[in-house]
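Observations on chain architecture
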Amino acid sequence: MTDMSTIGSLPVAVLSGAPVACVDPGATLLEVADALRAAGVGALVVGDADHPLAIITERDLAGALADRRDPARATAGDVAHRSLVWCDADAVVADVAELMMERYVRHVLVEDQGRLVGVVSARDLLGAYATEDQAAAAVDD
């Protein structure tokens, strides 16, 4: 295993996706599923980049279906999490990973000067650490 300080010290903005994928609070869960697939992401901001209201994830969608919510009637606003977790674009990857663990979330909204500029996921962080580890292993060979 390599020293993870290289990736851990990078600003999280390097990993956060832009543009931010958003969905209207009134979007049905079927529309949420379509939007997740179309954007190739695991979470959507509910509202828009200028006015994020909540976040809805693949896990929220699965939970709603497991609760037998009607996906043609239930909306993003019905099941989304309104407690948003934010970090600054200059925050380092290691600190954001720690924030995710402390707050028990898989997605953190990234802001720059008070504006939403991206969303970083646990998958993004894992991919960055894995890539670093693979690169170090190749150098060691």
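All values reported here derive from a predicted model rather than from experimental measurement.

Taken together, the buried positions of helix 3 (residues 58–66) are occupied by Asp 60, Leu 61 and Ala 64. Taken down its axis, helix 3 places every buried residue within 100 degrees of arc, on the same side. Exposed residues lying more than 90 degrees from the buried face of helix 3 are Arg 59 and Ala 66. Against helix 2 (29–39), strand 3 (51–57) and helix 4 (76–79) lie the buried residues of helix 3. A positive phi of about 65 degrees marks Arg 68, the residue just after helix 3.

Looking now at the pairing of strand 6 (residues 115–121). With five of seven residues buried, strand 6 lies mostly within the body of the structure. Here strand 5 (residues 107–112) pairs with strand 6 via six bridges, running antiparallel. Bridged to Val 110 within strand 6 is Gly 118.

Take the sheet that holds strand 3 next. Taken in spatial order, the three strands make up an open sheet running 1-2-3, and their pairing is mixed. Only two strands of the sheet have a single neighbouring strand rather than two, namely strand 1 (22–23) and strand 3. Examined bridge by bridge, strand 1 and strand 2 (residues 43–48) share two bridges and lie parallel to one another. By the bridge assignment, Val 23 is partnered in strand 2 with Val 46.

With that settled, the discussion passes to the environment of Ala 91. Among the structural elements, Ala 91 can be located in the loop between strand 4 (86–88) and helix 5 (93–103). Separated by 19 residues in sequence, Ala 91 and Val 110 place their C-alpha atoms 8.9 Å apart. When near neighbours in sequence (up to four residues on either side) are disregarded, Ala 91 contacts Leu 10, Pro 11, Val 12 and Val 96.

Conventions and cut-offs
- Residues numbered from 1 in each chain as written.
- Predicted model: local features only at pLDDT ≥ 70, side-chain atom pairs only at ≥ 80, totals over all residues.
- Heavy atoms only, no water.
- Buried < 20%, exposed > 50% of the residue type's maximum accessible area, 1.4 Å probe, protein only.
- Helix = DSSP H or I, 4+ residues; strand = E, 2+ residues; numbered from the N terminus.
- Arc of directions from axis to C-beta.
- Contact = heavy atoms within 4.5 Å.
- Pairing = 2+ DSSP bridges.

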